[in-house]
Amino acid sequence: MNIVKIIILIIKDLLRAFQKNSFYRPHPITLILFSMISMTIIMGINPNNVYSHRIMAFASFDGGKIDIDGYFSNGNKIKGANVIIKDNDGVIVAKGATNKDGKFSFIPQKSGNYDIIVDAHGGHIARTNISIQLEESGSSLTAIKKTPNNDNGIEDKNINELNKDDKTILRELRGIRQEVHALRIEYEKVKLRDIIGGIGYLFGIFGVITIVKKIRR
Amino acid sequence: MHISEGILPMWTLIGGAGLSALPLYMGFKALNERNMAKTALFASAFFVASLIHIPIGPTSSHLILNGLLGIVLGPRAAPAIFIALLLQAIIFQFGGITTLGVNTFNMTLPALVCYWITRPFINNFMTKYPVRTAIICGIASCFTVLLSATLTALSLLFANKEGFWLTSKMLIISHVPVAIIEGIITAFIIKGLIKIKKEVLL
């Protein structure tokens, strides 16, 4: 059977649906084709945006500033969401909106616990908190650099080596941080397993209701 | 559409729970063996429909299908919506346990209004004019979504007064495309149900 024949069959079948006074039972091929088309239309409105409802906020501290990222649960970035940052006492420290990469960053003045609220309008809100420890006089790296030690060549060399090590460590840390970030997004996504499990629970609950009603009677 | 936890003040949450108690009670009473399977099936459709998204601006809105639930299930839409929302809150963290009452009310009341509007058409003209009945059901479910959006916007009014106009406008505007798509989907489903299995709608 070639494609033309199938198409003619489907068109005939569809025309039959519009005839009056006839009980229409669609041909299996038409049924399969249309269910496939409707599925692709529903999922294809925007394939990236299926399953994005909840929003998530992540905060990370890199020694100088706090970076906040807002995501939908499918991993898309939230643009233009309001961000409010409160300190321990509930005082608003910073306020703003995420940029087009879904990012917002601010420089904390003191160490402690910060509450971060990301509000993407329309009742979608995400909360997260971060507790940070600021070092008293800059980071250890700059402290070492500033030490005046010019008359000893060996120590100078040591400082250079330390510098190099610190740089590689920082680079590696950044990579690890990005990986953790990606993993967290992956973890928070809605999964097919959850959806099917949820449908199972639904039927289970209605089954329990049926049993309870039967016992009562 | 689902209001998250920690936005609304306490009295709104309690008020929403109180308002949704009556339709829930009536719905559970109306459930019987004949329509239990149907209710479970449409509840799962509602459960999954919330995952299908249409992106609009910074926020994105999803299908709701509460019009379809209202048309097909009638008063039994209340328990179906309640249980589906409960599972969404537990599994996906959509909405939340404390806002369950408000969310149930916001989606159930329009569904019941939709039922009340479409019932005479389904009872009287279903066999005579199936296409027109389906179109009327589609238009009714379109307005059901907009009514739900309006109710959600009104509930958010209690949360923050200065941001109300922006939030409310955003919510209603972002639900217009959803409403249109949902109207078309509902019309096709009702048309199919009339042709294949009329008993479901009675």
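As the structure is a prediction and not an experimental result, all values here were calculated from the model. (Residues numbered from 1 in each chain as written. Chains lettered and ligands numbered in written order. Predicted model: local features only at pLDDT ≥ 70, side-chain atom pairs only at ≥ 80, totals over all residues.)

A word on the overall build of chain A
Filter applied, for reference: Each helix is a run of DSSP H or I of at least 4 residues and each strand a run of E of at least 2, with the numbering of both proceeding from the N terminus. For every residue, the other C-beta atoms within 10 Å of its own C-beta are counted; 20 or more classify it as buried, 12 or fewer as exposed, and values in between as partly exposed. C-beta atoms are placed from the backbone. Residues are scored as being in contact if the C-beta atoms we place from backbone atoms lie within 7 Å.
Across its full length, chain A holds 5 helices and 7 strands. Along chain A, from the amino end to the carboxyl end, the secondary structure elements read α-α-β-β-β-β-β-β-β-α-α-α. For chain A, with 217 residues in total, the buried portion stands at 18%. If you take every contact in chain A between residues at least 6 apart in sequence, the share linking residues at least 24 apart comes to 48%.

Brief notes about the sheet that holds strand β4 (residues 92-97) of chain A
All names here are of chain A. Using the following cut-off: One bridge is not enough; two strands pair if DSSP finds at least two bridges between them. Lines fitted to C-alpha atoms define the axes, with helix axes restricted to the stretch in contact, and inter-axis angles between N-to-C directions lie between 0 and 180 degrees.
Read from one edge of the open sheet, 4 strands run β4-β3-β6-β7, paired in antiparallel fashion. Strands at the two margins of the open sheet, each flanked by one partner only, are β4 and β7 (125-132). Shown here is a sheet whose adjacent strand axes are inclined to one another by a mean of 15°, direction ignored. Pairing analysis gives 5 bridges linking strand β3 (residues 82-86) to strand β6 (residues 112-119), with the strands arranged antiparallel. Directly across from I84, in β6, lies its bridge partner I117.

A word on the packing of helix α4 (residues 77-91) of chain B against helix α5 (residues 100-125) of chain B
Residue and element names in this part refer to chain B. As a reminder of what qualifies: Each crossing gets its handedness from the near helix: less than a right angle anticlockwise from the far helix is left-handed, clockwise is right-handed. Any residue that is not Ala, Val, Leu, Ile, Met, Phe, Trp, Tyr, Cys, Pro, Asp, Glu, Lys or Arg is counted as polar, Gly included; the first ten are nonpolar and the last four charged.
One way to put it is that α4 packs onto α5 with a least axis distance of 9 Å and a crossing angle of 145°. Judged by the twist between their axes, the crossing of α4 over α5 is right-handed. On α5, the residues that touch A77, A78, I81, F82, L85, L86 and A89 of α4 are L100, N103, T104, M107, T108, A111, L112 and Y115. Of the residues assigned to the contact of α4 with α5, the class counts are 12 nonpolar, 3 polar and no charged.

A word on the nonpolar core
So the rule is basically this: For the purposes of this analysis, a nonpolar core is taken to be any set of buried Ala, Val, Leu, Ile, Met, Phe, Trp, Tyr and Cys residues that are connected through C-beta atoms within 7 Å. For each domain, the first and last residues come from an automatic or database assignment.
Grouped together as the largest cluster of nonpolar side chains are 83 residues, with contacts concentrated most on A43, F46, L69, A77, A80, I81 and A84 of chain B. Among the elements that line this core, the one with the most residues is helix α6 (residues 130-157) of chain B, at 11 residues. Viewed by domain, this core spans two of them, domain 2 (53-134) and domain 3 (137-217) of chain A, each represented by three or more residues. Those residues in contact with F46 of chain B that sit more than four places away from it in its chain are L65, L69, A80, I81 and A84 of chain B.

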